[in-house]
Amino acid sequence: MNRLDQTFSRLKTAGQQALITYLMAGDPSLQETEQLVLELERAGADVIELGVPFSYPIADGPVIQKAAERGLQSGTSLRKILESVRHLRISTQIPIVLMAYYNNIHALGEAEFCRLAVEAGVDGLIVPDMPADEAGPLRGPADALGLHLIFLLAPTSTASRRAYVAKESGGFVYYVSITGITGAKLHDVASVGENVAKIRKYTKTPVAVGFGVATPEDAARVAQVADGVIVGSAIVRRVGAHGQDGRLVEEVGAFVRSLKEAMQPV
Amino acid sequence: MAIPDRRGRFGPYGGRYVPETLMPALLELEEVYQRTRREKGFQAELRHYLKEYVGRPTPLYFAQRLTKRLGGAKIYLKREDLCHTGAHKINNAIGQALLVKHMKKPRLIAETGAGQHGVATATVAAMFGLECEIYMGTEDMQRQALNVFRMRLLGSTVTGVDAGSRTLKDAISEAMRDWTTNVRTTHYVLGSVLGAHPYPMMIRDFQSVIGREARKQILAAEGRLPDCLIACVGGGSNAMGLFHAFAQDKKVRMVGVEAGGLGVESGKHAARFAGGRPGVLQGTMTYLLQDENGQVNLTHSVSAGLDYAAVGPEHSYYKETNRAQYTSVTDDEALAAFDLLAREEGIMPALESAHAIAEVVKCAPTMKKSQVLIVNLSGRGDKDVQQVARIKGVTL
């Protein structure tokens with residue numbers, strides 16, 4: 001069974017929501033990314049999302065764009081990230097999801113990517129510039145190997161998109177809480193809840209909410225309406241701030257701990 | 001078989017590689033476009049603006065002195081430089097602005113490289129009373145300072161993009177982010193046959209007036225079809241605009257000219273077909289300059305409008321099916337062609353179009369005097385005068 005499914009099922013039984021934390025792989029270096037993954041797990045993260053740095057990240061705001069630049073500067077590539085995942089699997093079984101732009105996967109080859117990713121211990125894949133409609137070349141190999149393809153829905157999504165994308169998405173459905181790019185500000189948690197409820201009409205797959213969740217308060221509020229809370233830019237901003245000052249692991253760990261605490265049922 | 005297919009594919013190229021947030025807007029745009037294009041009222045309105053506002057049809061001018069000088073094929077210039085705003089870009093901008101009236105969105109955004117498409121979009125925004133914001137790389141803003149000021153005079157906001165190579169593709173990324181954020185109120189007027197479906201098809205259709213006119217004009221002038229068509233290819237909208245009406249005329253050769261920059265072997269160029277391979281950038285699967293890990297390469301060209309790492313997907317399809325040939329000329333060759341056309345014909349071409357002229361210089365002498373060649377003079381060179389002066393070391 002896929003580690004993502006196990007985790008969501010365990011949390012559901014416990015009446016809890018998944019904390020899904022994003023790191024840009026290779027920011028500031030892959031070695032530090034590995035340390036951060038282990039620290040995030042200790043701090044209470046349930047799922048790790050690893051961003052693959054790409055030179056033209058059209059879905060990302062300035063915080064993650066800068067992180068991608070740092071990742072590229074440290075010489076990070078998709079192959080090296082997969083090596084890191086393989087290395088991490090010696091010490092952790094936390095579900096790991098890669099977030100990669102399509103061209104990085106295409107350059108490796110869709111089938112070859114799936115094979116290497118599953119071999120390394122990756123559980124799911126998010127491709128922000130690939131709607132479910134274009135997933136054809138990944139679908140066959142991903143299904144055969146048990147790699148979840150995770151798709152996004154947005155506030156702009158119509159009922160027919162919700163029906164289609166909810167059905168195509170595995171592991172969880174990624175609901176984008178704002179009409180915009182990563183790191184924008186979340187204002188309307190009530191409408192997030194309404195949209196998550198609309199998605200649930202079409203699927204039993206868990207729904208996680210991301211883009212704009214920046215504080216423990218945001219995480220607590222979103223946890224009340226979704227099965228998972230995704231935090232990206234707020235973590236990456238802290239990696240950026242402390243990447244060179246020796247307090248990186250400690251600072252990022254403390255922040256993630258505060259998110260997890262805020263999500264505990266009262 | 002009609003291309004693209006229903007999924008926006010030209011063979012393996014094209015498609016819709018965008019964030020889910022944009023999918024409803026693309027599906028709406030496709031639906032509105034497919035419905036509206038068939039309406040007589042829309043076509044009549046489009047014809048009206050193309051004639052009365054843009055100044056179409058543009059002449060197909062026989063370049064007598066250039067023909068004599070090169071000593072080969074008869075050279076005809078399709079004078080898109082005479083369009084209002086000075087380039088073919090307005091054909092597409094007018095078409096999209098008319099569609100926006102149907103979609104009732106109050107705001108336009110656009111990217112621009114050389115500034116031609118930005119000026120065209122700013123112009124139609126002014127004419128139709130729409131709010132308009134143009135994204136432009138800061139490197140291009142410096143190269144094309146005059147166009148930046150023109151857009152501002154027309155009432156648009158010009159926003160500099162200080163990321164990556166600070167050129168066209170950075171401007172497109174930023175425009176896509178704006179569109180993702182403001183999609184409910186904003187239409188993205190993409191300027192070339194690039195991006196996600198339906199843009200490459202729709203922009204080709206709006207630009208195909210160039211080839212339809214040229215076909216009629218050459219039949220009137222020469223009583224036969226041309227032997228060869230030549231156009232520069234950045235994204236490739238002026239080339240596709242010229243080529244499309246001739247696509248079924250199998251004997252008409254088509255040549256697309258990419259920016260060879262400092263030479264393809266130098267690595268500093270934008271010749272996607274010479275140095276690239278298929279990949280996905282900014283919404284579409286197409287030839288792309290990239291490294292072995294799929295990171296997009298930096299490009300170089302003296303011409304901001306050709307300085308782009310990818311190319312329109314239909315060109316990739318033409319390349320693969322051998323319907324068109326693609327070649328490149330260097331910065332120096334383009335600059336020499338700029339001078340040549342100015343001195344022989346009294347016409348200053350845009351540096352983009354000067355690449356097509358440079359290919360004519362190579363190609364025409366190898367052809368017979370009885371043969372006929374049409375080159376798309378896609379834009380005028382006024383915007384490039386300051387840059388040419390700088391390159392020549394002249395202080396104005």
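Overview of the structure. What you see is a predicted model; the values in this text were computed from it and never measured.

Some words on the packing of aromatic side chains
Argument step 1. Counted according to the given criterion, the structure contains 14 aromatic pairs over all chains.
Argument step 2. Residues phenylalanine 8 of chain A and phenylalanine 172 of chain A carry aromatic rings whose centres are separated by 5.8 Å and whose planes lie at 45° to one another, so their mutual orientation is tilted. Placement of the pair is phenylalanine 8 of chain A in helix α1 (residues 3-14) and phenylalanine 172 of chain A in the loop between α8 (159-168) and β7 (173-176), with a sequence separation of 164 residues.
Argument step 3. For phenylalanine 8 of chain A, a relative accessible area of 8% gives the class buried.
Argument step 4. Taken together, the ring pairs in this structure connect Phe8, Phe172, Tyr174 and Phe211 of chain A into an aromatic cluster.
Argument step 5. Over the ring of phenylalanine 255 of chain A we find arginine 238 of chain A; its NZ or CZ atom is 3.6 Å from the centre of that ring.
Argument step 6. Above the plane of the ring of phenylalanine 62 of chain B lies lysine 74 of chain B, whose end atom (NZ or CZ) is 5.3 Å from the centre.

A short note on the sheet that holds strand β5 (residues 107-112) of chain B
Two strands in a sheet stick together by hydrogen bonds in their backbones, pointing the same way (parallel) or opposite ways (antiparallel).
Residues and elements named next belong to chain B.
Argument step 1. Taken together, the 4 strands give an open sheet; going across it, the order is β7-β6-β5-β8, and neighbouring strands pair in parallel fashion. Strands at the two margins of the open sheet, each flanked by one partner only, are β7 (157-161) and β8 (186-188). Pairs of neighbouring strands in the sheet enclose a mean axial angle of 25°, with direction left out of account.
Argument step 2. When strand β6 (residues 131-137) meets β7, the two strands line up parallel, connected through 5 bridges.

Focus: the pattern of salt bridges
Argument step 1. By the definition in use, this model includes 51 salt bridges over all chains.
Argument step 2. Across the salt bridge formed by aspartate 133 of chain A and arginine 161 of chain A, the nearest N and O atoms sit 2.8 Å from each other. Placement of the pair is aspartate 133 of chain A in the loop between β4 (124-126) and α7 (136-145) and arginine 161 of chain A in helix α8, with a sequence separation of 28 residues.
Argument step 3. On the accessibility criterion, arginine 161 of chain A (5% relative accessible area) is buried.
Argument step 4. Linking arginine 107 of chain B and aspartate 178 of chain B is a salt bridge whose minimum nitrogen-to-oxygen distance equals 2.8 Å. Linking arginine 107 of chain B in strand β5 with aspartate 178 of chain B in helix α8 (residues 168-182), this pair joins segments that are 71 residues apart in sequence. Assigned by exposure class, arginine 107 of chain B and aspartate 178 of chain B land together as buried.
Argument step 5. Salt bridges linked by common partners bring Arg86, Glu112, Arg115 and Glu119 of chain A together as one network.

Let's talk about the pairing of strand β9 (residues 228-232) of chain B
Residue and element names in this part refer to chain B.
Argument step 1. A large share of β9 lies buried, amounting to 5 of its 5 residues.
Argument step 2. Side chains Cys228, Ile230 and Cys232 project from β9 onto one buried face, and the interleaved Leu229 and Ala231 project onto a second face that is buried too.
Argument step 3. In this structure, β9 lies alongside strand β10 (residues 253-261), joined through 5 bridges in parallel fashion. Looking across to β10, one finds that alanine 231 is bridged to glycine 256.
Argument step 4. Traced from β9 through helix α11 (residues 237-243) to β10, the parallel crossover comes out right-handed.

Re the sheet that holds strand β6 (residues 152-153) of chain A
Residue and element names in this part refer to chain A.
Argument step 1. Taken together, the 9 strands give an open sheet; going across it, the order is β5-β4-β3-β2-β1-β9-β8-β7-β6, and neighbouring strands pair in parallel fashion. Single-partner strands in this sheet number two, and they are β5 (148-150) and β6.
Argument step 2. Of the pairings in the sheet, the one linking strand β1 (residues 18-24) to strand β9 (residues 228-231) comprises 4 bridges and is parallel in character. Among the inter-strand pairings, isoleucine 20 is bridged to a residue of β9, identified as isoleucine 230.

Focus: the layout of surface pockets
Residue and element names in this part refer to chain B.
Argument step 1. Its boundaries defined by the atoms lining it, the largest pocket holds a volume of some 510 Å³.
Argument step 2. Along the walls of the largest pocket sit 17 residues, with Gln43, Arg47, Leu50, Val209 and Arg212 positioned nearest its centre.
Argument step 3. Looking at the lining of the largest pocket, the elements with two or more residues in it are α2 (40-54), α9 (199-207) and α10 (209-222).
Argument step 4. Of the residues belonging to the lining of the largest pocket, the class tally is 6 nonpolar, 3 polar and 8 charged.

Focus: unusual backbone geometry
Argument step 1. The peptide bond linking aspartate 27 of chain A to proline 28 of chain A adopts the cis configuration, its omega dihedral lying at -5°.
Argument step 2. The topology assignment puts proline 28 of chain A in the loop between β1 and α2 (30-42).
Argument step 3. In the segment running from histidine 197 of chain B into proline 198 of chain B, the intervening peptide bond is cis, with an omega of 15°.
Argument step 4. Inspection of the secondary structure puts proline 198 of chain B in the loop between β8 and α9.
Argument step 5. Phi angles above zero are rare outside glycine, and lysine 104 of chain B is one such case at about 55°.
Argument step 6. The phi torsion at arginine 166 of chain B lies on the positive side, around 60°, for a residue other than glycine.
Argument step 7. Within the fold, arginine 166 of chain B resides in the loop between β7 and α8.
Argument step 8. The class for arginine 166 of chain B is partly exposed, based on a relative accessible area of 34%.

Here's the deal with the interface of chain B and chain A
Argument step 1. In this assembly, 39 residues from chain B lie in contact with 35 residues from chain A.
Argument step 2. Carbon and sulfur atoms supply 52% of the area buried between chain B and chain A, which totals about 2,900 Å² over both sides.
Argument step 3. For chain B, the biggest contributors to the area lost against chain A are Glu20, Arg177 and Gln295 of chain B; these three give 24% of the whole.
Argument step 4. The tally of links between chain B and chain A comes to 3 salt bridges.
Argument step 5. Residues glutamate 20 of chain B and arginine 161 of chain A are paired through a salt bridge, measuring 2.9 Å at the closest nitrogen-oxygen approach.

Calculation notes
- Residues numbered from 1 in each chain as written.
- Chains lettered and ligands numbered in written order.
- Predicted model: local features only at pLDDT ≥ 70, side-chain atom pairs only at ≥ 80, totals over all residues.
- Heavy atoms only, no water.
- Phe/Tyr/Trp six-rings, centres within 6.5 Å; stacked < 30°, edge-to-face > 60°.
- Helix = DSSP H or I, 4+ residues; strand = E, 2+ residues; numbered from the N terminus.
- Buried < 20%, exposed > 50% of the residue type's maximum accessible area, 1.4 Å probe, protein only.
- Lys NZ or Arg CZ within 6 Å of the ring centre and 35° of its normal.
- Pairing = 2+ DSSP bridges.
- Axes fitted to C-alpha atoms, helices over the stretch in contact; angles between N-to-C directions.
- Salt bridge = Lys/Arg side-chain N within 4 Å of Asp/Glu carboxyl O.
- Right-handed = clockwise from strand over helix to strand, strands pointing away.
- 1 Å grid on protein atoms, 1.4 Å probe; cavity = no way out; pocket = protein on both sides within 12 Å on 5 of 7 lines; lining within 4 Å.
- Points joined across faces, edges and corners; volume = space filled by probe spheres on them.
- Nonpolar A, V, L, I, M, F, W, Y, C, P; charged D, E, K, R; others polar.
- Contact = heavy atoms within 4.5 Å.
- Buried area = accessible area lost by both parts, 1.4 Å probe.

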